[in-house]
Every structure is written in C-alpha cells, then in structure tokens.
Amino acid sequence: MSLAAYCVICCRRVGTSTSPPKSGTRWRDIRNKIKFTGSLILGGSLFLTYEVLALKKAVTLDTQVVEREKMKSYIYVHTVSLDKGENHDPFSTVDIEDHECAVWLLLRKSKSDDKTTRLEAVQEMSEAHHWHDYQYRLIAQACDPKTLIGLARSKESDLRFFLLPPPLPSLKEDSSTEEELRQLLASLPQTELDECIQYFTSLALSESSQSLAAQKGGLWCFGGNGLPYAESFGEVPSATVEMFCLEAIVKHSEISTHCDKIEANGGLQLLQRLYQLHKDCPKVQRNIMRIIGNMALNEHLHSSIVRSGWVSIMAEAMKSDRIMEASHAARILANLDRETVQEKYQDGVYVLHPQYRTSQPIKADVLFIHGLMGAAFKTWRQQDSEQAVIEKPMEEEDRYTTCWPKTWLAKDCPALRIISVEYDTTLSDWRARCPMERKSIAFRSNELLRKLRAAGVGDRPVVWISHSMGGLLVKKMLLEASKKPEMSAVINNTRGIIFYSVPHHGSHLAEYSVNIRYLLFPSLEVKELSKDSPALKTLQDDFLEFAKDQNFQVLNFVETLPTYIGSMIKLHVVPVESADLGIGDLIPVDVNHLNICKPKKKDAFLYQRTLQFIRETLAKDLEN
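Residues numbered from 1 in each chain as written. Predicted model: local features only at pLDDT ≥ 70, side-chain atom pairs only at ≥ 80, totals over all residues. Heavy atoms only, no water.

The name an unreviewed UniProt entry assigns to the protein chain is Protein SERAC1, from the organism Macaca fascicularis. Checking UniProt for the protein chain, the heading Sequence similarities (unreviewed entry) contains the comment "Belongs to the SERAC1 family." (UniProt positions renumbered as here; feature names shortened; annotations may be inferred.)

Okay, here's the thing in structure tokens:
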C-alpha cells in the first residue's frame, strides 16, 4: 500500500510543478518521465507478486485428498517380484481410508486358498446394498472369474458388479452377421458326423447360400439383372437362415472338439452380436444360450467365455421374469460354476430350482419328463384360462404361471432340486426336425439316462413325474439302469413315480391323425404307442414285475375327456384301462390329455394331490 501511495505522490508532483526555465527543460522532462515510469513499473511488479502469492496460498490443494479420490475410480496394481519363493499380497500395501477397508478385505478373502472363505466373501459381496457406485465397479474390475461367476449365481447380487462386455470386433467389409454365421458353420468339421448333424449343417448351408445369392442378385437372376425375380422366388428371410445355422451349430456344440473350433473362429463374439440383435426374438436367443451352455461343459473354455462378457449377459438374464430365459441362463452359469456345482447339465437338462447358490440343503430330486410333442416348460404350465389374460392386481400365488414346478413346487418344497428334461418328438415323419432321426423309446431312454446321471441324478432320493410318452421313457430308463452297475444308484434312490395319463397298454393316437399324410407316415414314437406294439407289451410286463420287487410308490392320473387334435379329430388319447399300470392308485380327472398335467390353480386337486404324494414319499428323506 505504501508503494502505491508513493506512486500517486510522484504523479501529483509532476502534474503541479511550475514550468521551469526553458534552459534544460528538455532533459528535466526526460528525467521526470523516467522516474515516474520506473516507479510505476516497480510498484506494479511488487503488487502483482504479492497478489499471486496470496492467491496461491488460498487455493493450495491437499494432494492426499486427490489421490484418495483417484483410488475410487481406478485400481492400481503394485509391481511385485515374480519370485515364487516370496509370498506377496497385492492388497496388503493399498493406501486406503478406514471406510474403504471392507471392500478390499472382501476382495482379499475372495482370492483366499480356502474354498469356504472364498464362498463367504462372495456371499457378503452379494448382500452389500449400501455401497457407492464406484465400490461396485471396483469389485467388477478387480475380482477373479470364480468370484464373478459366484456373484452371477447369487440371487441378491447388484448388476453393477458386472462390467459391460468388451466391444465386439467390426464386421468385415461387405459382410453381414448372416454371412459370418454361415462361414462359422462352414468352418466346423464336416466329417465323422451323425446323420442329423450332417442334415442340419447341409440344410443351413444350402438355405443361407440361396439367401445370400438372392440378396446379391446372383442365384436365379443370371448376370445379376433379375433381382426382383430372385427376391420373390428364391430369397429366404434372413432370420430363418440364422435359425437354420444356429440349430446346426447347437448340434455341433455337443461335440467337444467342435466347441474348440467355434471359440477359435470368433464364435463367442459373433453369437453375442446375434444375441444383442435379436432381443425381440426369444427363440433365437434360446438357441444361442444352448450353444454357450454346451460350450461351458468344457472347462478349458471357461476363461474365454468369461473374457468375452457372457457372464455379465447371463447375470442379467437370470433376473428375467421369463422362466425359459432365466432357466437357460441358469444352466450356463451352473456349468461355469465349478466352485459349488459338481454336476454338468447337458443340452435339454434344466434345473428349475435352485437356480442360484443357496444355503438351503438339497435333500432330494424331482424330475419332470414331458411326452409326445411336449417341452421342458410348456408341458408344465398352468392350465390356460381367462384369468391368465385379465389384467388386474392379484396375489403372487394367484398369478398365472408358465411353469408350476418352478413357481409353486419350489416354494412348497424348497429342499428339492427340481429338474425338467427336454427332447424332440414328432407325430409324423413329415414334420420330423431331422428326417434321419428315427429314435425309439429304447434309444431315447439311454440318451436321457446318460444325461441325467451326468447331472447327479441318483446321488439323492428321486421322484419321477411324467406325462404321456414320458412315462414310458421313465419305465425304460429304470429298467436299463437296473442292468448297469454304474447306474445302480439311480435304482437304489428312486422313491416314487407319478404318471399323468401314460399309455401303459397303448393309445389310439397311432390310429388317428390330423390328415392323411400323418396316417401314412406316423413317426416311430407314435408307432410304438399302438395297442398291438410288442415292444410296449414287453416294457409293461418287465416294468410291472420290477416295480413290485423294488416296492416303488406309484400314483396314476388319467383323463376322462376327449382331446381335439387339429380341427378334425376328437380323440380320447389315453383311455382309463390303458393308464392303469397295475400298481398304485388310479385317479380319473375331468380334463383332456393336454390338461391332465396342468392344474387350474395352486389349490386345485391335481396339484395338491401331487404335492401330497411327493411329501409323503420323501417324508423320511426330507426330515433327515
């Protein structure tokens, strides 16, 4: 301030000074100007220096605070020696605040050599709902694949634990997902395949070639000048071609060496692109999940599946309200989870409960086997009614369910593992998915028995629940298991069987069908259901003697109403006399063949009697 006052005084002196004599005036003016300018420059410099120092002192930041904030967004990996003789803990030197310790301690526990400690860490992470967003992201970046899979299989896990999948590689120039899918299929081995894999592959490649040629104007339009003609006559819809290719790749993915080829040729990324493109097409997504689930049976591919981002996608799918989508995702994650799951779930074997990791001890298995033209989910849905389409608030138990074993039975008997099986069946060879696939009941039973044993069936007490032809498969499976020492556990642990309208003595279905082409070419499954089938009679006689010897508990339901097959035929598919096994209660129910396994509601007789049988048959096992 004194410096500024001095400058002002100097200015005043210059301004008020009297005019000096003319002699020497010029040099005096120059000296006065120099004095004034110098004073001004000196004073201004000192003033600016003072202000800068004061400002710097006022805005000085605590760099430790900055570093702590950076720790919230980034993970710093300390450089450690690779000497195996030294035991380094990367989490022991992290400089963090007290309130951050819990996150890092859980990360440290999740990498413990002790399995129990690792499982506890994952459970604690999944139960954390009070963290900040950056804390979830920190776990997502720092956790290992086992922890990530464990979080995906934990019901309460926050989806912020899962990073977005890595960016997908760009499509090749002048290419499309359809064309790349075809190239992936063409790259798979085409030799030493069974007839059905060859059929699906050749069908997919021929249809996709036709579609691609039509799109480029080079199939029926010679020289490329007849594009409108090609589009109307030769083009196959892109979505249809993709379905052909996916169904073929599903078959290939059942072979381990072919899974390696799919991974090596970028199949995981291509399938992910298709999965994202077809969010509005559950059928396409389910086929893709079948392929990933088959690949997950090969442990050496687990790291590739995790790196490609499939765990994050399946973690979200697990939380879907659509039971089929959630069940396909549950199969993939169960096959990836070698920490808590020893069983392997092959294509067509779906766990309905428990789908997540659970502390609830599982004491018994209940298996659902559908019949002709059935499926693992739709066969076991609630009976369709007007209530299903009425949009009004209802209690959870009153809501329509697309799979009552998962929705009702899992809640009433939480100590059960509930499995539903799926396999392809047809009424006629005209509509067979694979014309060369003429599978007998004996062939299918051996195939299913092998898959169920891989899933651990036989390690616990078992109750079998079957509809229609599925009951014949159950009988054949048990007879075959009784002949194989390695399958003896399945017999020893079978406690009971429920048959929903099973044609033990044959069905009229083999004699009727919707139209003449079905009459001329009934499928092998339908032929085996005819009343005069020698194989069916042998199966019934052998199983009746076997079941009596094993003292199985048996419950039989049978329809009393006819079933409409198409718009022309009204048929009593399984009459009462055919549904009578010869042992166990036989209960007629006023429903048709399709609805005999579809209770109208939870308190309906069909479901309550089924639940009673399960509880009574497994009473001792559930108490232990």
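Caption draft 1: Spotlight on the overall build of the protein chain. Across its full length, the protein chain carries 27 helices and 9 strands. Counting only residues that meet the buried cut, the protein chain has 48% of its 624 residues in that class. Residue pairs at least 24 apart in sequence account for 76% of intrachain contacts in the protein chain once pairs closer than 6 positions are excluded. By element, 54% of the accessible surface of the protein chain is carried by carbon and sulfur atoms, the whole surface being about 32,500 Å². (Helix = DSSP H or I, 4+ residues; strand = E, 2+ residues; numbered from the N terminus. Buried < 20%, exposed > 50% of the residue type's maximum accessible area, 1.4 Å probe, protein only. Contact = heavy atoms within 4.5 Å. Areas by Shrake-Rupley, 256 points an atom, 1.4 Å probe, with all protein chains shown as cover.)

Caption draft 2: Representation of the environment of V421. Mapped onto the secondary structure, V421 falls in strand β3 (residues 416–421). Note on V421: relative accessible area 0%, which makes it buried. For the pair V421 and V349, spaced 72 residues apart in sequence, the C-alpha to C-alpha distance is 4.8 Å. Once you skip the residues sitting within four places of it in the chain, V421 turns out to touch G348, F368, I369, H370, A376, L448 and L452.

Caption draft 3: Examining the pattern of salt bridges more closely. Per the stated rule, a full pass over the model turns up 19 salt bridges. One salt bridge in this structure joins D133 and R137, with 3.9 Å as the shortest N-O distance. Taken as a pair, D133 and R137 lie in helix α6 (residues 133–142) at a separation of 4 residues, close to a single helical turn. Classification of D133 by relative accessible area gives partly exposed; the value is 38%. Note that D365 is salt-bridged to R460, the shortest N-O span being 3.3 Å. (Salt bridge = Lys/Arg side-chain N within 4 Å of Asp/Glu carboxyl O.)

Caption draft 4: Up close: the packing of helix α4 (residues 101–110) against α6. For the pair α4 and α6, the least separation of the axes is 11 Å and the interaxial angle reads 20 degrees. In this view, α4 runs roughly parallel relative to α6, as classed from their interaxial angle. Like other packed secondary-structure pairs, α4 and α6 cross with a definite hand, here right-handed. Here V103, W104 and L107 of α4 lie close against α6, whose contacting residues are Q135, L138, I139 and A142. Residue classes in the contact of α4 with α6 are distributed as 6 nonpolar, 1 polar and no charged. (Axes fitted to C-alpha atoms, helices over the stretch in contact; angles between N-to-C directions. Parallel < 35°, antiparallel > 145°, perpendicular 65-115°, else oblique. Left-handed = near helix turned anticlockwise from the far one by under 90°. Nonpolar A, V, L, I, M, F, W, Y, C, P; charged D, E, K, R; others polar.)

Caption draft 5: Structural view of the sheet that holds strand β5 (residues 494–500). Spatially, the 7 strands line up as an open sheet ordered β1-β3-β2-β4-β5-β6-β9, and their pairing is mixed. Across the chains shown, the open sheet's two edge strands, defined by having one partner strand only, are β1 (349–353) and β9 (585–589). On average, adjacent strands in this sheet sit at an angle of 20 degrees to one another, irrespective of strand direction. Two elements, strand β4 (residues 462–467) and β5, share 6 bridges in a ladder whose sense is parallel. Note on β5: the bridge partner recorded for S466 is F499. Across the sheet, helix α18 (residues 404–412) touches β1, β2 (364–369), β3 and β5, and the angle it forms with β2 is around 155 degrees. Across the sheet, helix α26 (residues 605–617) is in contact with β2, β3, β4, β5, β6 (553–559) and β9; its angle to β6 comes to roughly 170 degrees. (Pairing = 2+ DSSP bridges.)

Caption draft 6: Inspection of the pairing of β4 at higher detail. In terms of burial, β4 is a largely internal element, 6 of the 6 residues being buried. Every second residue of β4 is oriented toward a common face, with V462, W464 and S466 on one face and V463, I465 and H467 on the other, all of them buried. One ladder, built from 5 bridges, connects β2 with β4; its direction is parallel. Residue pairing in the sheet places I369 in a bridge with S466 of β4.

Caption draft 7: The confidence of the model for the protein chain, seen in detail. Here the protein chain averages 82 in pLDDT, while 75% of its residues score no lower than 70. Here residues 70–88 is modelled with pLDDT under 50, and outside its nearest four sequence neighbours on either side it reaches 20 contacts, counting other chains as well. In this model residues 427–432 is a low-confidence stretch, pLDDT under 50, and it forms 22 contacts with partners more than four residues away in sequence or in other chains. (pLDDT = per-residue confidence, 0-100.)

Caption draft 8: Region of the structure containing the nonpolar core. Ranked by size, the top nonpolar core spans 63 residues in total, and within it I139, I288, I292, M295, W310 and M314 carry the most contacts. Excluding residues that lie within four positions of it along the chain, I139 makes contacts with V103, L107, M125, W131, L151 and F161. In terms of nonpolar packing, the next biggest core, distinct from the first, is built from 43 residues, Y345, I369, I419 and L479 among them. (Core = buried A, V, L, I, M, F, W, Y, C linked by side-chain atoms within 4.5 Å.)

Caption draft 9: Just the side chain of S501, in detail. Of note, S501 is situated in the loop between β5 and α22 (516–520). Exposure remark for S501: the relative accessible area of 0% places this residue in the buried category. At 2.6 Å, the side chain of S501 forms a polar contact with the side chain of E559. In contact with S501, not counting residues within four places along its chain, are S468, F557, V558, E559, V574, H593 and I596. (Polar contact = N/O pair within 3.5 Å; in protein donor to acceptor, adjacent residues only side chain to side chain.)

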